[in-house]
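Chain by chain, the residues:
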Amino acid sequence: CTHTHTQRAHSPPPLCTHGTMLTAEEVVLCQEEGSDGRAGLSFWHLAGPGPTAEIQQLYQEVVVGRCYFPKHFKPLPATGATVVDVGANVGLFSMLCAHESPGATLVAVEPIPELHTLLEKNLGRVSLNTEAVCHSVQAGAAATAAHHADFEFVYDSPGESSRHATEHAEQQQRLLAACNHAIAEAAAESKPVFEAAADRIRHAMKKTPGLRQAPLVRLSDLFRACDLSFIDLLKVDCEGDELEALQGIDASDWPKIAQVAVEVHDVAGRLAAVCDLLAAQGFMTDTRQQRPEQSATGFLTFVPESLCLWYVYATRHRPDTS
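The rules we used
Residues numbered from 1 in each chain as written. Predicted model: local features only at pLDDT ≥ 70, side-chain atom pairs only at ≥ 80, totals over all residues. Heavy atoms only, no water. Helix = DSSP H or I, 4+ residues; strand = E, 2+ residues; numbered from the N terminus. Buried < 20%, exposed > 50% of the residue type's maximum accessible area, 1.4 Å probe, protein only. Contact = heavy atoms within 4.5 Å. Pairing = 2+ DSSP bridges. Axes fitted to C-alpha atoms, helices over the stretch in contact; angles between N-to-C directions. Parallel < 35°, antiparallel > 145°, perpendicular 65-115°, else oblique. Left-handed = near helix turned anticlockwise from the far one by under 90°. Nonpolar A, V, L, I, M, F, W, Y, C, P; charged D, E, K, R; others polar. Salt bridge = Lys/Arg side-chain N within 4 Å of Asp/Glu carboxyl O. Phe/Tyr/Trp six-rings, centres within 6.5 Å; stacked < 30°, edge-to-face > 60°.

(A) A look at the overall build of the protein. Secondary structure summary: the protein contains eight helices and 14 strands in total. When the 322 residues of the protein are sorted by exposure, 51% land in the buried category. The long-range share in the protein, meaning contacts at least 24 apart out of those at least 6 apart in sequence, stands at 72%.

(B) Representation of the pairing of strand S10 (residues 259-265) in the model. Of all seven residues making up S10, seven are buried, and the element is well covered by its neighbours. Neither face of S10 is open: one carries Gln 259, Ala 261, Glu 263 and His 265, the other Val 260, Val 262 and Val 264, and all of them are buried. As judged from the three bridges shared by strand S9 (residues 233-236) and S10, these two strands associate in the parallel manner. Paired with Val 236 across the two strands is Val 262, which belongs to S10.

(C) Broad picture of the packing of helix H1 (residues 49-64) against helix H2 (residues 92-100). It is at 10 Å that the axes of H1 and H2 come closest, and there the two elements cross at 40°. Regarding the angle of H1 to H2, the classification is oblique. The chirality of how H1 crosses H2 is right-handed. Here Ile 55, Leu 58, Tyr 59, Val 62 and Val 63 of H1 lie close against H2, whose contacting residues are Leu 92, Phe 93 and Leu 96. A per-class count over the contact of H1 with H2 returns eight nonpolar, no polar and no charged.

(D) Layout of the pattern of salt bridges. Tallied over the entire structure, the rule returns 18 salt bridges. Arg 270 serves as the salt-bridge partner of Glu 167, at 3.0 Å between the closest nitrogen and oxygen. Of this pair, Glu 167 sits in helix H4 (residues 165-185) while Arg 270 sits in helix H8 (residues 270-280); the two residues are 103 residues apart in sequence, bridging distant segments of the chain. The class for Glu 167 is buried, based on a relative accessible area of 15%. Residue Arg 174 is joined to Glu 170 by a salt bridge in which the shortest nitrogen-to-oxygen separation is 4.0 Å.

(E) Region of interest: the environment of His 181. Here His 181 is to be found in helix H4. Sequence separation of His 181 and Phe 194 is 13 residues, and the distance between their C-alpha atoms is 9.2 Å.

(F) Highlighting the packing of aromatic side chains. Within the structure shown, the criterion is met by eight aromatic pairs. Pairing Tyr 68 with Tyr 311 gives two aromatic rings, centres 5.8 Å apart and planes at 80°, and the pair type is edge-to-face. Taken together, the residues span a long stretch of sequence, with Tyr 68 in the loop between H1 and strand S3 (82-86) and Tyr 311 in strand S14 (residues 309-315) at a distance of 243 residues. Judged by relative accessible area, which is 3%, Tyr 68 ranks as buried. The buried category is assigned to Tyr 311, whose relative accessible area is 4%. Between Trp 254 and Phe 283, the aromatic rings sit 5.8 Å apart at their centres with planes inclined by 75°, giving edge-to-face as the arrangement.

Below you can see the structure in the form of structure tokens.
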């Protein structure tokens, strides 16, 4: 098939921020019309103070900040893109892709049952011309049908649920330390933002995580099951499993993939390993460390450098990152 790319102006679908605060077991529907005349990004998410703060930050990063669409990437085809979303959460990125490429084929992977239920619900709301398939699995390097993975479910920030409990606990400590430093250094009008964040982190750290389980599936097996012959964009954000997820792609499948965007927690040389793997498959890579950013509307996305979180962008053409 032929894939054409046209440059388009992007105005992010709006996030609806009103609604009654519900318990962590319930969900709230946010709906609003987009400024470009198409339907806005209307979606379900887990509610409660922690999950609501998390989804607002995810919206800023994924939809407003377009963190998985760097400027040097080729845009998705105007219609009918094929996107694989590994670590889909409740589907914000998949829904954005459907918004920008009507008729897209979306393959979304999310292992946490609570998030997967809402992912299915959200992708069921996108255009009827869009084919969306949701898989309640985790991508792994050498999975078998009988191989399951155990996850710690983080009630106050479900998107951070992970197989790597120690890694997550260390990140929480780093984030709390950064918040406390910001409280000491911030201007008086900014202190309440960091104080509220620190309170949420301390509250979350006192809670005993839940236990969730999901099958491990190699991405190449998933590609075959979904009969994917070409992938415009592979996005991977799976809380410490990003390298293993990429290792689960066969050499014969890499030529099918045009572009890759990965979030990497750089521990034990993981960033270099991801970049080396992608380079070995013929990609040129660009990296960007996540840092605190304030949007034009004043929303602060607080990702301190001490968290060592990076984006890796891989393309088949030489990126112009100027």
